Amino acid sequence: MALPACAARALGPPPPPPLQPEQGAPARTTCPRRHSRAAAELAASLSGSVAASVRVGPPRGVSHRFNSQPLQDESLKACSSLAGAVRAPLFALLPRGRRRRMHDFRRRWDLGSLCRALLTRGLAALGHSLKHVLSAIFSKIFGPLASVGNMDEKSNKLLLALVMLFLFAVIVLQYVCPGTECQLLRLQAFSSPVPDPYRSEDESSARFVPRYNFSRGDLLRKVDFDIKGDDLIVFLHIQKTGGTTFGRHLVRNIQLEQPCECRVGQKKCTCHRPGKRETWLFSRFSTGWSCGLHADWTELTSCVPAVVDGKRDARLRPSRWKIFQILDAASKDRRGSSSTNPAANSPAATKTRNTSKSGKNFHYITILRDPVSRYLSEWRHVQRGATWKASLHVCDGRPPTSEELPSCYTGDDWSGCPLKEFMDCPYNLANNRQVRMLSDLTLVGCYNLSVMPEKQRNKVLLESAKSNLKHMAFFGLTEFQRKTQYLFEKTFNMNFISPFTQYNTTRASSVEINGEIQKLIEGLNFLDMELYSYAKDLFLQRYQFMRQKEHQEARRKRQEQRKFLKGRFLQTHFQSQGQGQSRNPGQNQNQNPNQNNVTHNLMQNLTQSSSQKENRVRQKQSPGQEQSDNPTNGTHDYIGSVEKWR
């Protein structure tokens, strides 16, 4: 094999070829320490380290007659050594700083090569281990159908690539989204358009047909709630209506300037006004049962103003005897007027009860539920041992006697009672509970059933409950969680942090009853059935009215934006035209009529286009908007327009 040109020029004439060993003779593996003449001459001509690195003869311990492949490549090593010998003096001529930098760079390069080698070997070992693991798994699952161990090299590389891609995706996902509620995991948003959450979460019918006619004032609920002033939200909590969940939303899930302070292990939270030590919320989770356990409308309207005016801080729960004194003092002011005054439930009378002597405004809110589901849920709760014995049931300044309100059980509780026994008790307060807790019991003589006939009593209670519910600042329905959230936010101008969740599976839904038992439950709660139908109709009409109002407001803002852009365009056009006339007055005199015609045509086109758009808007405008201009009109046309818009 011939030497390269650089080695040939440095070494001169090539040495004689080595002698080949005889056929069949054993190769010599040892020889005395001697070098070839050419190697000695080369060592004498070159400097120490370079000469030592250049050897054209065989290495030590190898005979000249031994023919091997490494000896054939000895010339290439000599060439590289000569190149190093030439570069060595040049490297010594460099400055010391640059030599240090080059040395550091070479060391880092060697370290990087080492790291890459280690990483490559580690990945290869990991892939080999994964291969064996996957082979064992596939062999157990698929048996003889899949033999991963006999896969060819290409399949192994593909499998390793897929595994590494999966590990990389997991690492990136954990880095981008470390939380459990990752928005990136909601892949269904890319596969299908997002439906309206207010229309799909509660299984409401696509077309709502109203049964009652409400005025615009009944549908429009907008409370100017001043949390820094004297306004107070009073939550009327009816048993087994989802009030506990809604009450927690009020103290833990509202965006406030000064959020409620909720400590671990305590049910009550401190909800102070910004900069004050006064509460803005009167509920179970903020002030406790300050007016008694599950106080009804009659108790709250008498107790809350007295408690707030007397304590100046509703967080302090008064004693049981103090509650009786407060309710007795409040009932003396109303005694004799409620039963004889037919306007006791009028809006004016309700408004007077919603204010206190100190000028505080009380905004009552509540949550209702389907009567059958609520009744079954209360039965299951009583079956587990609940009694609500601590409820005061104070009316007209006193609690009911044992003759007026007998007990349905004799022991400490009614745990384990069957459904039939629960339904057969005529004194069970679960019957028509929602009507009783929302009506003014002083109108019917409280719990004394001998004051008026039963039919008249039921009618008065139902009308009172409907009136109080309609004039409340807000009420929601358990079966419509997202709509409840929407109406509360629009009513009080307060936003929740996280959306409400609709739970369609409850303890009541797990109870299997036949049609006959369901009809019996509906008969026992016929007043609640009528009230819930009324409340659901009013609730959905309010929701649709607010949605249409929001849609009209967005359309009005778009029209104002278009008008603003048109005005800016005309202003810019006239300014550019005026500048052109001031620069060339003589030339523009001849073109002035044409430019005036162009400007006139432009204004006419813009006016016609705006008028056409307004006409189209008026044609599409629903009668519900006309109703907003004329409050005396009914709401039938409004509901039709809402359905067209939806």
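The name an unreviewed UniProt entry assigns to the protein is Heparan-sulfate 6-O-sulfotransferase, from the organism Dipodomys ordii. Per its UniProt entry, the protein bears the Catalytic activity (unreviewed entry) comment "alpha-D-glucosaminyl-[heparan sulfate](n) + 3'-phosphoadenylyl sulfate = 6-sulfo-alpha-D-glucosaminyl-[heparan sulfate](n) + adenosine 3',5'-bisphosphate + H(+)".

(A) Summary view of the side chain of Arg273. Tracing the backbone shows Arg273 in the loop between helix H11 (243–252) and strand E2 (281–282). Judged by its relative accessible area of 1%, Arg273 falls in the buried class. Polar contacts involving the side chain of Arg273 include one to the main-chain carbonyl oxygen of Ile227, which spans 3.0 Å. The residues touching Arg273, leaving out its near neighbours within four places in the chain, are Asp226, Ile227, Lys228, Gly229, Asp230, Asp231, Leu232, Gln258, Glu278, Thr279, Trp280 and Lys360.

(B) Focus on the pairing of strand E3 (residues 361–368). With seven of eight residues buried, E3 is to be regarded as a mostly interior element. One ladder, built from six bridges, connects strand E1 (residues 231–236) with E3; its direction is parallel. Residue pairing across strands places Leu236 opposite Thr366, the latter belonging to E3. Sheet topology note: the E3/strand E4 (residues 474–477) ladder contains four bridges and is parallel. Bridge pairing links Leu368 to Leu477 in E4.

(C) Structural context of the sheet that holds E4. Ordered in space as E2-E1-E3-E4, the four strands form an open sheet in which the pairing is parallel. In the strand order of this sheet, the two ends are held by E2 and E4, each with one partner. Here two bridges tie E1 to E2, and the two strands are oriented parallel to one another. Across the sheet, residue Ile233 finds its bridge partner in E2, namely Leu281. Sheet strands in contact with helix H19 (residues 481–492) are E1, E3 and E4, and its direction is about 170 degrees off that of E4.

Rules used in this analysis
Residues numbered from 1 in each chain as written. Predicted model: local features only at pLDDT ≥ 70, side-chain atom pairs only at ≥ 80, totals over all residues. Heavy atoms only, no water. UniProt positions renumbered as here; feature names shortened; annotations may be inferred. Helix = DSSP H or I, 4+ residues; strand = E, 2+ residues; numbered from the N terminus. Buried < 20%, exposed > 50% of the residue type's maximum accessible area, 1.4 Å probe, protein only. Polar contact = N/O pair within 3.5 Å; in protein donor to acceptor, adjacent residues only side chain to side chain. Contact = heavy atoms within 4.5 Å. Pairing = 2+ DSSP bridges. Axes fitted to C-alpha atoms, helices over the stretch in contact; angles between N-to-C directions.

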